[in-house]
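What follows is each chain in one-letter form.
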Amino acid sequence: MNLQSVRRKLGAILAVMVLAVASMALFPSPAAAASYDVKMGSDSGMLQFVPSSLTVKPGDTINFVNNKLGPHNAVFEGDSAVSKALSNKNLSFAPGETTSVTVPKDAAKGTYSFFCEPHRGAGMSGSVTVQ
Ligand SMILES: [Cu+2]
């Protein structure tokens, strides 16, 4: 291999690297959406959501997992777009059953309260804060 062909190869490698870096700058990958589990009914047998408060970002997913002492659901208070998107009135009877909801991409920041209809009187409630 003479010097000239080595230079040509190095030039080609450099060009590819520059292109790769440039394309990363042009198309930044969006932050990956996160997924959170909220247990309905604590492991110790309490009528609680675990965790009972959660901080999320638009696009994140919340999985409400029926853990113990069903039936449960998770109904959000108020009639905001976010409350409607996250609310689920269907009762879950089977342990392990999961209902997944997605925080809307255009969700307004704020704290949204929710409760379990059958166990609201027992204080089974929680809140989701959208940041
Ligand atoms: Cu419940």
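Note that the coordinates shown come from a computational prediction; the quantities given were computed from them, not determined experimentally.

**Details of the packing of aromatic side chains**
- Inspection of every chain in the model, using the stated rule, returns 5 aromatic pairs.
- For the pair Phe-64 and Phe-114, a centre-to-centre distance of 5.5 Å together with 75 degrees between the ring planes defines the contact as edge-to-face. A residue pair is termed long-range when its members are at least 10 positions apart, and Phe-64 in strand S4 (residues 61-66) and Phe-114 in strand S8 (residues 110-115) qualify at 50 residues.
- With a centroid separation of 4.9 Å and an interplanar angle of 35 degrees, the aromatic rings of Phe-76 and Phe-114 are classed as tilted. Separated by 38 residues along the polypeptide, Phe-76 in strand S5 (residues 72-76) and Phe-114 in strand S8 bring together distant segments of the chain.

**Considering the coordination of the copper ion**
- Ligation of the copper ion by protein atoms is provided by His-72 (ND1), Cys-116 (SG), His-119 (ND1) and Met-124 (SD), these donors lying 2.0 to 2.8 Å from the ion.
- Given 4 donor atoms and angles of 92 to 128 degrees at the metal, the environment of the copper ion is assigned as tetrahedral.
- Read from N- to C-terminus, the donor residues coordinating the copper ion fall into the pattern H-x43-C-x2-H-x4-M. Placement of His-72 in strand S5 and of His-119 in the loop between S8 and strand S9 (125-130) is noted, with a sequence separation of 47 residues between them. Summarising the burial analysis for this pair, His-72 and His-119 share the class buried.

Conventions used here
Residues numbered from 1 in each chain as written. Predicted model: local features only at pLDDT ≥ 70, side-chain atom pairs only at ≥ 80, totals over all residues. Heavy atoms only, no water. Phe/Tyr/Trp six-rings, centres within 6.5 Å; stacked < 30°, edge-to-face > 60°. Helix = DSSP H or I, 4+ residues; strand = E, 2+ residues; numbered from the N terminus. Donors = N, O, S within 2.8 Å, 3.2 Å for Na, K, Ca; no water. Tetrahedral: all angles 85-135°; square planar, octahedral: opposite > 155°, others 65-115°. Buried < 20%, exposed > 50% of the residue type's maximum accessible area, 1.4 Å probe, protein only.

From the geometry alone we can't say anything about function, so treat these as descriptive.
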